[in-house]
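# Chains, contacts and geometry: an overview
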Amino acid sequence: MTANGNADLVIVANRLPVDRVIEPDGTPRWRRSPGGLVSALEPVMRVHDGAWIGWPGGAQEDDDDLAPFVEDGMQLVPVPLSAQEVEEFYEGFSNGTLWPLYHDVVAKPLFKREWWEAYRKVNQRFAERAAAVAAPGAMVWVHDYQLQLVPRMLRELRPDLRIGFFLHIPFPPAELFSQLPWRRAVLEGLLGADIVGFHLPGGAQNFVRLVRQRVGHKTHRDLVTLPDGRQVRAAAYPISIDAADFEELARSPEVSRRAESIRAALGHPKRVLLGVDRLDYTKGIYPRLRAYAELVADGTFDVEDTVFVQVATPSRERVDEYRRMRDEIDMLVGRVNGDLGKIGHPAISYLHSSYPREEMAALYRAADIMVVTPYRDGMNLVCKEYVACRYDNDGALVLSEFAGAAHELNQAWLVNPYDINGMKAAIVEAANAEPKELTRRMKAMRKTVREHDVDRWATGFLEELDAVRPPSRRRVRR
Ligand code: ADQ
């Protein structure tokens, strides 16, 4: 295939950084959805001639006009999915097979052959779009578990490219990954990249070990050598947030006022505990609320001066497991508030809303104890956002040791979310900690988050990808 694109840097991700919305009169329009990934990559996209390839959301009919377009100097290339592909590729293989398998089998993964076929087909479509827009020798950065076959498919179409891949969720140990009927194809898919990035060194090690065991390639430390001499590096690049930006937001008078009014609306409690998550069974919302409820029931906390605010944005609502979990949490919150609440003082203030960044910063400012207790999480950015907002070096973080972030934020009160008593003890300790102790811990965590921000993550990865030997000078087998 000839190189016919002009983008020097191509981002390939499941979603575009814009959503396709349909106006009341039926005309489609693009609305920006500024997620962490797009703000991290925006500066580098500007320096390079950047293109972003992704699904615009929703299901497309054959006659939908989804031509590439330019927004803010970025070339955006929509990849359409049919209703059946949304069901089989996105809800099915991505979120019903890979997501639970890669998160320690917290829920049972489903292995369906038709889902795998859809996954392959959609990955091929993404690879073809990337091949068409990339300039000769361009860098292509493929993101996440939905697109693990793209690196190899793309290399077959365009051997001239430098290809990077980053996995935003954990990469499981060999014992779990090996359940996957298509394990070898997934490993070979990833090996199409020059660099395969993970949040933690453990993920990279799991990958290299599996490549040795299941594909039979030679490996040495973080390097895999393919039969044609090409080398693939597997390494850790822990993602982060724009810490300075969050702090600035938190310091703004509007956010400070809003934080005060949140506390006032809660009845000026002595203590506010906070949980903020996508409503997902990996996030450990249920055990966290159970632990808290027990502390209220046994009199450790009094609803008159303490409240737990749990914000849980519904997600993936068409996947059965998510509906079940939402019902379970709804029931738990209802029971706890019914049994333990008082008029004007619920034990748990439970919200399904999705908030703008300003409101998130105000919530972080309003909370004395942030409770983040996933059963397994690739990184978890919520805890880093909380830390970035605590510019007075106060506030306590209770954090699951199974979140990637626990490797960096080890001054948090680290907990095992499977151990309810352990979680209760940590919450009580955090609640009773001396201000000096809180400051000591928060200061150290803030330093980490400040020094390792998202810009460092993105530029670090791309610099290493840029340094990959251009394919023209690679040894070619004849
Ligand atoms: P997620 O599973 O989505 O990300 P997380 O890292 O915590 O988890 O990111 C959530 C983001 O959504 C945060 O920026 C947070 O502020 C925002 N958010 C959460 N609830 C919200 C609400 N109610 N309103 C508005 N915003 C809300 C996946 C992996 C993580 C990994 C990231 C990035 O599962 O482990 O850290 O990708 O790689």
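Look above for the structure.
Model, not experiment: these values are computed from the prediction. (Residues numbered from 1 in each chain as written. Predicted model: local features only at pLDDT ≥ 70, side-chain atom pairs only at ≥ 80, totals over all residues. Heavy atoms only, no water.)

## Points about the overall build of the protein
- Looking only at helices and strands, the protein features 16 helices and 18 strands.
- Its C-alpha atoms give the protein a radius of gyration of 23 Å, within 12% of the compact-globule value 23 Å for 478 residues.
- C-alpha extents for the protein along the principal axes are approximately 75 × 55 × 40 Å.
- Counting the 478 residues in the protein, one finds 55% classified as buried.
- When the accessible surface of the protein is totalled, it reaches about 20800 Å², and 48% of it is carbon and sulfur.
- Put simply, the protein has 63 plus and 68 minus side-chain charges, and the middle of one group is 7 Å from the middle of the other. (Helix = DSSP H or I, 4+ residues; strand = E, 2+ residues; numbered from the N terminus. Rg over C-alpha atoms; globule rule 2.2 N^0.38 Å. Buried < 20%, exposed > 50% of the residue type's maximum accessible area, 1.4 Å probe, protein only. Areas by Shrake-Rupley, 256 points an atom, 1.4 Å probe, with all protein chains shown as cover. Lys, Arg positive; Asp, Glu negative; His and termini not counted. Charge placed at Lys NZ, Arg CZ, Asp CG, Glu CD.)

## Let's talk about the pairing of strand β12 (residues 231-236)
- Sheet topology note: the strand β9 (residues 195-198)/β12 ladder contains 4 bridges and is parallel. Residue pairing in the sheet places phenylalanine 198 in a bridge with alanine 236 of β12.
- Pairing analysis gives 3 bridges linking strand β11 (residues 223-225) to β12, with the strands arranged antiparallel. From the neighbouring strand, leucine 223 faces β12, where its bridge partner is arginine 233. (Pairing = 2+ DSSP bridges.)

## Some points on the site of the ligand
- His168, Thr313, Tyr355, Asp377 and Glu385 are the nearest of the 21 residues found near the ligand.
- A distance of 2.9 Å separates a nitrogen atom of the ligand from a polar atom in the backbone of serine 353.
- A distance of 2.6 Å is found between an oxygen atom of the ligand and a side-chain nitrogen or oxygen belonging to glutamate 385.
- About the coverage of the ligand: the protein hides 81% of its 720 Å² of free accessible area.
- Secondary structure elements with two or more residues in the shell around the ligand: β13 (271-279), β14 (306-314), α12 (357-366) and α13 (382-389). (Near = heavy atom within 4 Å. Polar contact = N/O pair within 3.5 Å; in protein donor to acceptor, adjacent residues only side chain to side chain.)

## What to know about the pattern of salt bridges
- The full count for this structure, using the stated rule, is 37 salt bridges.
- Where arginine 376 meets aspartate 104, a salt bridge forms, and the shortest distance between an N and an O atom there is 3.1 Å. With arginine 376 in the loop between β16 (369-372) and α13 and aspartate 104 in the loop between α2 (83-102) and α3 (113-133), this residue pair connects regions lying 272 residues apart in the sequence.
- The partner of glutamate 359 in a salt bridge is arginine 258, with the nearest N and O atoms 2.8 Å apart. Here the residue glutamate 359 occupies a position in helix α12, and arginine 258 occupies one in helix α9 (residues 253-265), the gap between them amounting to 101 residues.
- Each of Arg152, Glu156, Arg184 and Glu188 takes part in a single network of salt bridges with overlapping partners. (Salt bridge = Lys/Arg side-chain N within 4 Å of Asp/Glu carboxyl O.)

## So, the nonpolar core
- Counting residues in each nonpolar core, the largest one holds 104 residues, and the members touching the most others are Phe171 and Phe207.
- The element contributing the most residues to this core is α3, with 10 residues.
- Among all residues touching phenylalanine 207, those that are not within four sequence positions of it are Phe171, Leu187, Leu190, Leu191, Val196, Phe198 and Ala234.
- Core analysis: the second largest hydrophobic core is formed by 69 residues, Leu249, Val272, Val311 and Tyr364 among them. (Core = buried A, V, L, I, M, F, W, Y, C linked by side-chain atoms within 4.5 Å. Contact = heavy atoms within 4.5 Å.)

## Remarks on the side chain of asparagine 95
- Position of asparagine 95 among the secondary structure elements: in helix α2.
- A polar atom in the side chain of asparagine 95 sits 3.4 Å from the side chain of arginine 316.
- Once residues lying within four places of it in the same chain are set aside, the contact partners of asparagine 95 are Tyr90, Pro100, Tyr145, Tyr281, Arg316 and Val319.

## Here's the deal with the packing of helix α8 (residues 243-251) against α13
- It is at 8 Å that the axes of α8 and α13 come closest, and there the two elements cross at 55°. For the element pair α8 / α13, the angle class is oblique. For the element pair α8 and α13, the recorded crossing hand is right-handed. Mapping the contact onto sequence places Ala243, Phe246, Glu247 and Ala250 in α8 and Glu385, Ala388 and Cys389 in α13.
- Grouping the amino acids of the contact of α8 with α13 by side-chain chemistry returns 5 nonpolar, no polar and 2 charged. (Axes fitted to C-alpha atoms, helices over the stretch in contact; angles between N-to-C directions. Parallel < 35°, antiparallel > 145°, perpendicular 65-115°, else oblique. Left-handed = near helix turned anticlockwise from the far one by under 90°. Nonpolar A, V, L, I, M, F, W, Y, C, P; charged D, E, K, R; others polar.)

## Details of the sheet that holds strand β4 (residues 50-55)
- Across the sheet, which stays open at both edges, the 10 strands sit in the order β5-β6-β4-β1-β7-β8-β9-β12-β11-β10 with mixed pairing between neighbours. Two strands bound the open sheet, and with one partner strand each, they are β5 (69-71) and β10 (218-220). Across the sheet, the mean angle from the axis of one strand to that of its neighbour is 20°, orientation sign disregarded.
- Looking at chain direction, strand β7 (residues 134-143) and strand β8 (residues 162-166) are connected through 5 bridges and run parallel. Bridged to valine 140 within β8 is isoleucine 163.

## Focus: the packing of aromatic side chains
- One pass over the full model with this rule turns up 25 aromatic pairs.
- Relative to tyrosine 145, the ring of tryptophan 99 has its centre 5.6 Å away and its plane inclined at 50°; by these criteria the two rings are tilted. Of the two residues, tryptophan 99 is situated in helix α2 and tyrosine 145 in the loop between β7 and α4 (150-157); the sequence distance between them amounts to 46 residues.
- With relative accessibility at 5%, the residue tryptophan 99 sits in the buried group.
- Overall, the relative accessible area of 2% leaves tyrosine 145 in the buried class.
- Both rings, one in tyrosine 292 and one in phenylalanine 308, keep their centres 5.2 Å apart while their planes meet at 65°; by these two values the pair is edge-to-face. Note that tyrosine 292 is positioned in helix α10 (residues 285-297) and phenylalanine 308 in strand β14, a separation of 16 residues in sequence.
- Across from the ring centre of tryptophan 413, 3.7 Å away, lies the NZ or CZ of arginine 441, which sits over that ring. (Phe/Tyr/Trp six-rings, centres within 6.5 Å; stacked < 30°, edge-to-face > 60°. Lys NZ or Arg CZ within 6 Å of the ring centre and 35° of its normal.)

## Quick word on the packing of α10 against helix α11 (residues 320-340)
- Packing of α10 against α11 leaves a shortest axis separation of 10 Å and a crossing angle of 10°. Viewed along their axes, α10 and α11 adopt a mutual orientation that is roughly parallel. Here Ile285, Tyr286, Leu289, Arg290, Ala293, Val296 and Ala297 of α10 lie close against α11, whose contacting residues are Glu328, Ile329, Leu332, Val333, Arg335, Val336 and Leu340.

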